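# Structural characterization, general
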Amino acid sequence: MISHANILIVDDEAIARENLTHVLTEEGHTTTAVGSGTEALQKIGKQDFELVLTDLMLPGMNGIELLEHIKEIQPSTQVIVITGHATVDTAVVAMQKGAHSYIAKPLNFGELKAQVFNALERHALSVEVLRLRQILQAGKQDFPLVGQSDKITELKKTIEQLAHMDCNVLIQGETGTGKELIARGIHMLSPRSQERFMAINCGTFTAELMDKELFGHEKEAFTGAQRGQKGILEVANGGTVFFDEMSELPLNMQVKLLRVLQERNFLRVGGTQEIPVDIRVVAATNCDLKENVEKGTFRQDLFYRLNVVTLTAPPLREHREDIPVLIGHFLEKHRTEIQSIDTISQETLDILMNYSFPGNVRELENISQRALALARGTVFTPDLLPGEIRNIVRGKPLLTLEEVERNHIEKVMLATNNNKTQAAKILGIDRVSLWRKMKRLGLEKDG
């Protein structure tokens, strides 16, 4: 970490900026150089720096004033003050204001390198102390997966067991079954829990945008790139990256992700320097990736890299006994000072317990939110349910899952004027899966 720091250089003399940039870049650091305190504060407002080297005498805002602002904005950032007008008084003031050290010109580059190394060590130590303090204060968060059924209880035990294995995990399950919650649970219970959890939906980006999102880019890597930017992998270093809808990842990005998993490094877009990365990957899919491998739409080598351990998120119809617990959780989660429900009528519960929930837990959460929005009292009565759910039970026979699925797909296809690509997105599945379902349900004619 110390050998690859972001360092900001502030000096109004161009030759001084060039010399410092040259020395620090040779040491392996990433440098940004500006000519005034105002410019420095603009940079600090947009980017984190481990260290700032600033001249004392600057136009407008001097080095001591800049130091004070830096300590307000980024307290852990170390500051070394450099001056050609060294006095005991200014040195004392600089140290009192929080400077790491004070160096007189002309610079001894050997001394400078030693001071930079020491400052970066102090920065790393201060960040670690803050992290440990936060751990002690916050403790472990509550596990995000709600439910008391045998299926959910067993799933929680499995998650807890494999969380400490630090292996890649593939989560399979229908849309709305809580795959991201499972991924967050794995992260929260793992040794990486105090680092970042970053999620990306592979179905929402083009290959080009996915490239920039994942790997970041260097300055001027493409039109409009006025400054470099870290990608998800770099931001999540040390933590966990969750890839939702992994089956939608373009083939060229599959190759790049496989290289990251094998080599543990990557290049930013437009970059030439390899950046080391230490992440755990959790991927989720609502389709059978093995079938995608057989069709050639998903790389077999990447599949085996991801599929170290496979978890299945059960559909809600397979753990109906959790419905009352989940409703209570969602009503509490979304309640406000003026909108709250503390009782669910038996008739409402009977209807929900007999509903097939094609949208799974996510659909139940939406139903609960709708009830809160429409309720005039504190009781969840049947009239707060969507009409189509009430009608399933009132005077109509319950449909089979296949019938519900056929009816829903027919409605979506009609609404999208038979556009399979658009319909697949609405249904939360890929186009091939939609075609396969339509063929099985008799909605797709051969030839």
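Residues numbered from 1 in each chain as written. Predicted model: local features only at pLDDT ≥ 70, side-chain atom pairs only at ≥ 80, totals over all residues. Heavy atoms only, no water.

### Focus: the packing of aromatic side chains
A complete count under the given rule lists four aromatic pairs for this structure. Note on Phe197 and Phe242: the rings are 6.3 Å apart at their centroids and 20 degrees apart in plane angle, and the pair reads as stacked. In this pair, Phe197 is assigned in strand E7 (residues 197–201) and Phe242 in strand E8 (residues 240–244), connecting sequence segments 45 residues apart. Phe242 matches Phe197 in its accessibility class, with the two residues each being buried. Seen from their ring centres, Tyr355 and Phe357 are 4.7 Å apart, and the 70 degrees between their planes marks the pair as edge-to-face. There is no split in this pair, since Tyr355 and Phe357 are both buried. (Phe/Tyr/Trp six-rings, centres within 6.5 Å; stacked < 30°, edge-to-face > 60°. Helix = DSSP H or I, 4+ residues; strand = E, 2+ residues; numbered from the N terminus. Buried < 20%, exposed > 50% of the residue type's maximum accessible area, 1.4 Å probe, protein only.)

### So, the nonpolar core
Grouped together as the largest cluster of nonpolar side chains are 31 residues, with contacts concentrated most on Leu214, Leu233, Phe243, Met246, Phe298 and Leu306. Put simply, the parts of the chain that give this core at least two residues each are E7, helix H8 (207–215), helix H9 (232–235), E8, helix H10 (251–263), strand E11 (280–285), helix H11 (289–295) and helix H12 (300–306). Examining the composition of this core, we find that five residues originate from one element, H10, more than from any other. Setting aside chain neighbours within four positions, we find Leu306 in contact with Asn168, Val169, Leu170, Met246, Leu261, Val281, Ala283 and Phe298. If you look at the next biggest cluster of nonpolar residues, it comprises 22 residues, including Ile323, Phe330, Ile351 and Val361. (Core = buried A, V, L, I, M, F, W, Y, C linked by side-chain atoms within 4.5 Å. Contact = heavy atoms within 4.5 Å.)

### So, unusual backbone geometry
Of the consecutive residues Lys105 and Pro106, the connecting peptide bond is found in the cis state with omega at -5 degrees. Looking at where Pro106 falls in the secondary structure, it is placed in the loop between strand E5 (101–104) and helix H5 (109–138). Phi at Arg264 takes a positive value of approximately 60 degrees, unusual for a residue other than glycine. Along the chain, Arg264 turns up in the loop between H10 and strand E9 (265–266). Relative accessible area serves as the criterion here: at 32%, Arg264 is assigned to the partly exposed category. For Asn360, which is not glycine, the phi dihedral falls at a positive 60 degrees.

### Some details on the sheet that holds strand E12 (residues 309–313)
Pairing is parallel across the open sheet formed by five strands, whose spatial order is E7-E8-E11-E6-E12. Looking at which strands have only one partner, the edges of the open sheet turn out to be E7 and E12. Across the sheet, the axes of successive neighbouring strands diverge by a mean angle of 20 degrees, strand direction being ignored. Pairing geometry for strand E6 (residues 169–173) and E12, over five bridges, is parallel. Across the sheet, the residue bridging to Val169 is Val309, located in E12. The sheet contacts of helix H6 (residues 150–163) involve E6, E11 and E12, and relative to E12 the element is tilted by about 155 degrees. (Pairing = 2+ DSSP bridges. Axes fitted to C-alpha atoms, helices over the stretch in contact; angles between N-to-C directions.)

### Digging into the packing of helix H13 (residues 323–333) against helix H15 (residues 360–374)
At a minimum axis separation of 9 Å, H13 and H15 run at an interaxial angle of 50 degrees. Looking at the two axes, H13 sits oblique to H15. Remark: the crossing between H13 and H15 carries right-handed chirality. Residues Ile323, Leu326, Ile327, Phe330, Leu331 and Lys333 of H13 pack against Val361, Leu364, Glu365, Ser368 and Leu372 of H15. Among the residues making up the contact of H13 with H15, the classes are represented as eight nonpolar, one polar and two charged. (Parallel < 35°, antiparallel > 145°, perpendicular 65-115°, else oblique. Left-handed = near helix turned anticlockwise from the far one by under 90°. Nonpolar A, V, L, I, M, F, W, Y, C, P; charged D, E, K, R; others polar.)

### Topic: the pattern of salt bridges
Considering all chains together, one arrives at 20 salt bridges under this definition. With its nearest N and O atoms 2.5 Å apart, the salt bridge here joins Glu174 to Arg317. Here Glu174 is found in the loop between E6 and helix H7 (179–188), whereas its partner Arg317 is found in the loop between E12 and H13, with 143 residues between them in sequence. Across the salt bridge formed by Glu208 and Lys212, the nearest N and O atoms sit 3.6 Å from each other. In this pair, Glu208 and Lys212 both sit in helix H8, four residues apart, roughly one turn of the helix. Look at Lys212 and you get partly exposed, because its relative accessible area is 21%. Overlapping salt bridges, with partners in common, bring together Asp11, Asp55 and Lys105 in one network. (Salt bridge = Lys/Arg side-chain N within 4 Å of Asp/Glu carboxyl O.)

### A short note on the confidence of the model for the protein chain
With 91% of its residues at a pLDDT of 70 or more, the protein chain has an overall mean of 86. In this model residues 135–141 is a low-confidence stretch, pLDDT under 50, and it forms seven contacts with partners more than four residues away in sequence or in other chains. (pLDDT = per-residue confidence, 0-100.)

### Description of H10
The terminal C-alpha atoms of H10, which comprises 13 residues, lie 18 Å apart, in line with the 18 Å expected from a rise of 1.5 Å per residue. Taken residue by residue, H10 has Met253, Gln254, Leu257, Leu258, Val260 and Leu261 as its buried positions. Looking straight down H10, one finds that the buried residues subtend no more than 155 degrees of arc, so they occupy a single side. Of the surrounding secondary structure, the elements contacted by the buried residues of H10 are H8, H9, E8, E9, E11 and H12. Looking one or two residues beyond H10, the residue adopting positive phi is Arg264, at roughly 60 degrees. (Expected span 1.5 Å × (residues − 1). Arc of directions from axis to C-beta.)

### Describing the packing of helix H18 (residues 420–427) against helix H19 (residues 431–440)
Across the interface, H18 lies against H19 with an axial gap of 9 Å and an inter-helix angle of 95 degrees. Between H18 and H19, the interaxial angle falls into the category roughly perpendicular. For the pair formed by H18 and H19, the contact residues are Lys420, Thr421, Ala423, Ala424 and Leu427 on the first element and Arg431, Leu434 and Met438 on the second. Across the contact of H18 with H19, the residue classes break down as five nonpolar, one polar and two charged.

### A look at the pairing of E8
By the criterion of burial, E8 is predominantly enclosed, with four of the five residues buried. As paired strands, E7 and E8 are joined by five bridges and run parallel to one another. Across the sheet, residue Asn201 finds its bridge partner in E8, namely Asp244. When E8 meets E11, the two strands line up parallel, connected through four bridges.

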